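Here's the letter readout for the chains.
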Amino acid sequence: MSDMPVVGVLALQGDVQEHLVALATADAVARPVRRPEELAEVDGLVVPGGESTTISKLANLFGLMEPLRARVRAGMPVYGTCAGMIMLADKILDPRSGQETIGGIDMIVRRNAFGRQNESFEAAVDVRGVEGDPVEGVFIRAPWVESVGASVEVLAEHGGHIVAVRQGNALATSFHPELTGDHRLHGLFVEMVRAKDAPGSL
């Protein structure tokens, strides 16, 4: 892999364009992913915010759910924001009927935990592994993490609730960093993608 890894954004629903811009700013080749053959061509993937139940249904409709699960199990770096965090959870506390996840992070999440759309807010969040000032987190119908397994690293909390986690090559945040112009979290993820295929990596 070159210094410019190819990072996809799952482009079924949600704030896809903002992630594409943030990844390009973080020195990645950013591509939308809607089909299994496009998934096969990327080194890492962002699962964006949106509506987790809709993303779940569309992933099945487009034949992407099983390929996504297989790539994540095989160690492909993946980053989920807001609804993407829910999609990467091994378990949802309050799933809607028929709702599925990709999985990959040993955590239980609560959907819409911070409130409805009109209760959206921004807050400064100290994220472990991100240097400098706190990250400005945009919380829009955001989930939080109820609990994590022993292999999950908690990277940030807000109001006593877990809002950022990492397990191996999987990263997830409750909030939307792509909406602020601060691309340090995307930079962290791109470094994770680079490290995955670096000489001598597992």
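The structure we're discussing is the one just above.
Residues numbered from 1 in each chain as written. Predicted model: local features only at pLDDT ≥ 70, side-chain atom pairs only at ≥ 80, totals over all residues. Heavy atoms only, no water.

Asks: What's the story with helix H4 (residues 65-73) in this structure? I'm lost.
Replies: Because an α-helix packs 3.6 residues into every turn, residues spaced three or four apart end up facing the same way. Among the residues of H4, Met 65, Leu 68, Arg 69 and Val 72 are the ones counted as buried. Burial along H4 is one-sided: seen end-on, the buried residues are contained in an arc of 95°. Elements that come into contact with the buried residues of H4 comprise strand E1 (6-10), helix H2 (36-39), strand E3 (44-47), helix H3 (52-61), strand E4 (78-81) and helix H5 (83-88). At the exit of H4 stands Gly 75, carrying a positive phi of roughly 100°. (Buried < 20%, exposed > 50% of the residue type's maximum accessible area, 1.4 Å probe, protein only. Helix = DSSP H or I, 4+ residues; strand = E, 2+ residues; numbered from the N terminus. Arc of directions from axis to C-beta. Contact = heavy atoms within 4.5 Å.)

Asks: Is there a simple way to explain the nonpolar core in this structure?
Replies: If you look at soluble globular proteins, the nonpolar side chains tend to sit buried side by side. Membership of the largest hydrophobic core comes to 33 residues, with the highest contact counts inside it found for Leu 39, Leu 68, Ile 102, Ile 105, Met 107, Val 109 and Val 165. Per element, the largest residue contribution to this core is five residues, and it comes from H5. Other than its neighbours up to four places away in sequence, Ile 105 contacts Leu 88, Ala 89, Asp 90, Val 152, Val 165, Gln 167, Ala 170, Leu 171 and Ala 172. (Core = buried A, V, L, I, M, F, W, Y, C linked by side-chain atoms within 4.5 Å.)

Asks: When you look at the packing of aromatic side chains in this model, what are you seeing that I'm missing?
Replies: Here the distance between the centres and the angle between the planes together describe a pair of aromatic rings. Scanning the model with the defined rule gives six aromatic pairs in all. Here Tyr 79 and Phe 189 contribute two aromatic rings whose centre-to-centre distance is 5.8 Å and whose plane-to-plane angle is 45°, an arrangement assigned as tilted. Within this pair, whereas Tyr 79 is found in strand E4, its partner Phe 189 is found in helix H6 (residues 184-196), the two being separated by 110 residues in sequence. A relative accessible area of 0% means that Phe 189 is categorised as buried. Seen from their ring centres, Phe 139 and Phe 175 are 5.5 Å apart, and the 55° between their planes marks the pair as tilted. With Phe 139 in strand E8 (residues 135-139) and Phe 175 in the loop between strand E12 (170-173) and H6, the pair connects residues that are 36 residues apart, well separated along the chain. When sorted by exposure, Phe 139 lands in the same class as Phe 175, which is buried. Ring pairs connect the aromatic residues Phe 114, Phe 121, Phe 139, Trp 144 and Phe 175, which therefore count as one cluster. (Phe/Tyr/Trp six-rings, centres within 6.5 Å; stacked < 30°, edge-to-face > 60°.)

Asks: What's the story with the environment of Gln 99 in this structure? I'm lost.
Replies: By the secondary structure assignment, Gln 99 is in the loop between strand E5 (89-92) and strand E6 (105-110). For Gln 99 and Arg 110, which are eleven residues apart along the polypeptide, the C-alpha to C-alpha distance reads 13 Å. The contact partners of Gln 99, leaving out residues within four places of it in the chain, are Ser 52, Thr 53, Ser 56, Ile 86, Ile 92 and Arg 111. A distance of 2.8 Å separates polar atoms of two side chains, one belonging to Gln 99 and the other to Ser 52. (Polar contact = N/O pair within 3.5 Å; in protein donor to acceptor, adjacent residues only side chain to side chain.)

Asks: Looking at this model, I keep getting lost on the pattern of salt bridges. Mind explaining?
Replies: Note that side chains of opposite charge can pair when their charged atoms are close. By the definition in use, this model includes ten salt bridges. Put simply, Glu 191 and Arg 194 hold a salt bridge, and the shortest N to O gap is 2.4 Å. Residue Glu 191 and its partner Arg 194 are located together in helix H6, separated by three residues, close to a single helical turn. Here Glu 191 falls in the partly exposed class, since its relative accessible area comes to 44%. Arg 194 gets classed as buried once you look at its relative accessible area, which sits at 17%. One salt-bridge network, held together by shared partners, links Arg 35, Glu 37 and Glu 38. (Salt bridge = Lys/Arg side-chain N within 4 Å of Asp/Glu carboxyl O.)

Asks: Teacher, can you tell me more about the side chain of Thr 173 here?
Replies: As for its position among the elements, Thr 173 is in strand E12. If we ignore the near neighbours within four places in the chain, the residues touching Thr 173 are Tyr 79, Gly 80, Thr 81, Cys 82, Met 85, Val 163, Ala 164 and Leu 185.

Asks: Looking at this model, I keep getting lost on the side chain of Ser 52. Mind explaining?
Replies: Summarising the element assignment, Ser 52 is placed in helix H3. In this structure, Ser 52 is in contact with Ala 83, Ile 86, Met 87, Gln 99 and Arg 111, ignoring residues within four places of it in sequence.

Asks: Just to check I follow, could you spell out unusual backbone geometry for this structure?
Replies: Excluding glycine, a negative phi dihedral is what most residues carry, and trans is how most peptide bonds are arranged. Backbone geometry at Asp 27 places phi at a positive 70°, although glycine is not the residue there. By the element assignment, Asp 27 lies in the loop between helix H1 (16-25) and strand E2 (29-33). For Asp 27, a relative accessible area of 44% corresponds to the partly exposed category.

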